[in-house]
Amino acid sequence: MNSQTEPQERRIFGTDGIRGVTNSYPMTPEISLSLGKTLTRYIQKKTGGHVKILIGKDTRLSGYVFEQAIASGITSMGADALLVGPLPTPAIAFLTSDMRAAAGVVISASHNPYTDNGIKIFDSTGFKLPDKTEMEIEKMVLGEELLTPDSLTGKAKRIDDAVGRYIVFLKNTFPKDLTLDGMKIVVDCANGAAYKVAPIILKELGARVITIGTEPDGMNINVDCGSLRPEILSEQVVRSDSDMGIALDGDADRVVLCDENGTEVDGDHVLAICSSEMIETGTLATDTVVATLMSNMALENYLNERGIRLERTRVGDRYVVEAMRKLGANLGGEKSGHLLFLDQSTTGDGLLASLQILGIMKRKGKSLSELARIIDMFPQVINSFEIREKKPFDQIPGLVDLMRESEKILGNRGRINLRYSGTEPLARVMVEGEDQTLISKIASRVSSVINENIGADST
């Protein structure tokens, strides 16, 4: 059975850091304060000497609460907190390394509503912490009393040039011999962390830019905009006769593109386009692309036909990065739009991925719709529904037999993946194959069995 579950022993950290409803466990000021102290003590024990930790956030109103709580924990342990304000998650990864900080903390719940928030941590090199390190820190947060050093406190300092540093970095990832002159681009910043930097970068490279979601008020992040609502971007692209559209999520580590016709171009398309370009230029390391269990079979077939290996991981960009580093790969990502270009960045970056595609468009003189024809995706159905518990799938009555029967019907021209969300009480059923009617029927049957047993409304 092709399924994925999250480690059950985790109490604070999930698939992508800590996430939850603001002022509800674990997203409370108290946990945040303890996390700031614990992270500092953990680093002090590992490295010794004076410690600097960088803190960034998205535009959520509650960001002020957690920024101050974490900074208080850091400074109370004698370390310095470097505050950069609202910036994309990948900007924090870059700045952590660029400013030689011992760690970087991002306060964001990504695509979730403003009532939620979250905390992600990067190490000194800009990579997300591995599971083992998160578990060590979690145990310290929950079980170890941290004494504040006598007469020793750190400083909290605002970094005024953080935005400029990131803009320069991203512009330098775009080919030096190209510009975006003559292009009209719609960019939807989801009223989130990229609301300042995204339009500036595109304009400074020469594009005419139309903006959506660039007026955050602390509560409108991801509301009727961004990567969760690509149809709004699509409509604006067609209406304005633009060359393409870019839709970011709340912390801008994920992107959904649309071509000049308003057709969505997802992460699998981007991986196909970029892998083709990188094979041609001899820059695809180890002839390998890393993706997750959710990536379309058509991508795997396309890569295999060109002698490119596709390595699949569990869902989560951090697991994609871990596999990439292990295999020496430099291209990877998720269908959902987390795209990893390890030659340029240590984490998913929606703007960087967009610039990579724009560079290929300009170099080849092709529209995005022309580039996207490189691959025809298999039909795919994804059902998501609330559950009351994350019970192992092989312990749900009747599910194993149904899965065997369904997989036999699909044969080698389709597949089924079951997984629980790492950040929400949701089960996700994905069925993929050549026949839309068949996969819809299978997805419905499998979802019904799971929902009847552990659905939020089941008893």
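Structural notes, computed from the coordinates.

Quick notes on the rules
Residues numbered from 1 in each chain as written. Predicted model: local features only at pLDDT ≥ 70, side-chain atom pairs only at ≥ 80, totals over all residues. Heavy atoms only, no water. Buried < 20%, exposed > 50% of the residue type's maximum accessible area, 1.4 Å probe, protein only. Helix = DSSP H or I, 4+ residues; strand = E, 2+ residues; numbered from the N terminus. Pairing = 2+ DSSP bridges. Axes fitted to C-alpha atoms, helices over the stretch in contact; angles between N-to-C directions. Parallel < 35°, antiparallel > 145°, perpendicular 65-115°, else oblique. Contact = heavy atoms within 4.5 Å. Nonpolar A, V, L, I, M, F, W, Y, C, P; charged D, E, K, R; others polar. Phe/Tyr/Trp six-rings, centres within 6.5 Å; stacked < 30°, edge-to-face > 60°. Lys NZ or Arg CZ within 6 Å of the ring centre and 35° of its normal. Left-handed = near helix turned anticlockwise from the far one by under 90°.

Before going further, it helps to examine the pairing of strand S7 (residues 116–123). Of all the 8 residues making up S7, 7 are buried; the element is thus mostly covered by neighbouring parts of the structure. Of the pairings in the sheet, the one linking strand S3 (residues 17–21) to S7 comprises 4 bridges and is antiparallel in character. The residue of S7 that forms the bridge with Val21 is Asp116. Note: strand S6 (residues 103–107) against S7, 5 bridges, orientation antiparallel. Counted as the bridge partner of Val106 is Lys120 from S7.

The geometry of helix H3 (residues 89–98) relative to helix H5 (residues 162–171) is characterised by a closest axis approach of 10 Å and an angle of 100 degrees between their N-to-C directions. By the angle class used here, H3 and H5 are roughly perpendicular. On the side of H3, the interface is formed by Pro90, Ala91, Phe94, Leu95 and Asp98, while H5 contributes Ala162, Arg165, Tyr166 and Phe169. Split by residue class, the contact of H3 with H5 holds 7 nonpolar, no polar and 2 charged.

The two faces of the sheet receive side chains in turn, since in a regular strand these alternate between them. By the criterion of burial, S6 is predominantly enclosed, with 5 of the 5 residues buried. Burial along S6 is two-sided: Ala103, Val105 and Ile107 and Gly104 and Val106, pointing in opposite directions, are all buried. Inspection of the sheet shows strand S4 (residues 52–57) paired to S6 by 5 bridges, in the parallel sense. Pairing of Ile55 across the sheet is with Val105, part of S6.

Okay, the packing of aromatic side chains next. In this structure the tally under the stated criterion is 3 aromatic pairs. Pairing Phe94 with Phe169 gives two aromatic rings, centres 4.3 Å apart and planes at 15 degrees, and the pair type is stacked. Taken together, the positions of Phe94 in helix H3 and Phe169 in helix H5 put the pair 75 residues apart, joining distant regions of the chain. Assessed through its relative accessible area of 15%, Phe169 is described here as buried. Within the aromatic cluster, the residues linked to one another by ring pairs are Phe94, Tyr166 and Phe169. Over the aromatic face of Tyr64 sits the side chain of Lys57, whose NZ or CZ is 3.9 Å from the ring centroid. One residue, Arg314, lies across the ring of Tyr319, its end atom 4.3 Å from the ring centre.

Quick look at the sheet that holds strand S12 (residues 255–258) now. Reading across from one edge, S10-S9-S11-S12-S13 is the order of the 5 strands in this open sheet, with mixed pairing throughout. In the strand order of this sheet, the two ends are held by strand S10 (208–212) and strand S13 (264–265), each with one partner. Across 4 bridges, strand S9 (residues 184–188) lies against strand S11 (residues 244–248) in parallel orientation. Across the sheet, the residue bridging to Val187 is Ile246, located in S11.

This next bit is on unusual backbone geometry. In this structure, Pro26 follows Tyr25 across a cis peptide bond, with omega equal to 5 degrees. Looking at where Pro26 falls in the secondary structure, it is placed in the loop between S3 and helix H1 (29–47). Residues other than glycine seldom take positive phi values, yet Ala190 does so here, at roughly 60 degrees. Summarising the element assignment, Ala190 is placed in the loop between S9 and helix H6 (197–204). Although it is not a glycine, Asn191 adopts a positive phi angle of roughly 50 degrees. Looking at the secondary structure, you find Asn191 in the loop between S9 and H6.

Moving on, we get to the packing of H5 against H6. Viewed as axis vectors pointing N to C, H5 and H6 meet at an angle of 45 degrees, and their least axial separation amounts to 10 Å. Between H5 and H6, the angle falls in the class oblique. As for how H5 packs across H6, the hand of that crossing is right-handed. Across the interface between the two elements, Val163, Tyr166, Ile167, Leu170 and Lys171 of H5 pack against Val197, Ile200, Ile201 and Glu204 of H6. Counted by class, the contact of H5 with H6 contains 7 nonpolar, no polar and 2 charged residues.

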